[in-house]
Amino acid sequence: MQWTVETLNDVVDAELAALPEDMRARFDYIAELIESFGLEKVREPHVKHLQGPLWEMRMKGRDGISRAIYVTATGRRVVVVRAFVKKTQATPRKEIEIALKRAKEMKP
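Residues numbered from 1 in each chain as written. Predicted model: local features only at pLDDT ≥ 70, side-chain atom pairs only at ≥ 80, totals over all residues. Heavy atoms only, no water.

Moving on, we come to the sheet that holds strand β4 (residues 64–73). Spatially, the 5 strands line up as an open sheet ordered β1-β5-β4-β3-β2, and their pairing is mixed. Since the sheet does not close on itself, it has two edges, and those belong to β1 (4–7) and β2 (47–51), each with one partner. Averaged over all pairs of adjacent strands, the angle between their axes in this sheet comes to 40°, without regard to strand direction. In terms of strand pairing, β1 meets strand β5 (residues 77–86) through 4 bridges, oriented parallel. Bridging from a neighbouring strand, T7 pairs with V80 of β5. Each of β1 and β5 touches helix α1 (residues 10–18); the most contacted strand, β5, lies at about 45° to it. Of the strands in this sheet, β1, β2, β3 (54–61), β4 and β5 are in contact with helix α2 (residues 21–37), which crosses β3 at around 135°. (Pairing = 2+ DSSP bridges. Helix = DSSP H or I, 4+ residues; strand = E, 2+ residues; numbered from the N terminus. Axes fitted to C-alpha atoms, helices over the stretch in contact; angles between N-to-C directions. Contact = heavy atoms within 4.5 Å.)

Further remarks concern the side chain of R77. Topologically, R77 is positioned in strand β5. A relative accessible area of 19% places R77 in the buried class. Only 3.2 Å separates the side chain of R77 from the backbone oxygen of T74, close enough to count as a polar contact. (Buried < 20%, exposed > 50% of the residue type's maximum accessible area, 1.4 Å probe, protein only. Polar contact = N/O pair within 3.5 Å; in protein donor to acceptor, adjacent residues only side chain to side chain.)

Structure follows, in structure tokens:
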């Protein structure tokens, strides 16, 4: 069974759409890697564990860096729960809290 990458809802779709074009292209590239080769084969610098169930897709572009935080779900699904442009070295606690809250709302 193959991995799929999806978003949690329309809010996350809008967050991804708001990213600069080159970062959205990088997101699409990482999602394609996951779907083609499997999540277990995709490692840093593309994805990295954050905490608990949260992982991040790491996008870099001309205007800076952004992240798409995701969780895994049954049926070999990667579900993106938050996307944002990163302004600090560490992922802000506020972004992690938003992602954790959204992950709890997710259907398994």
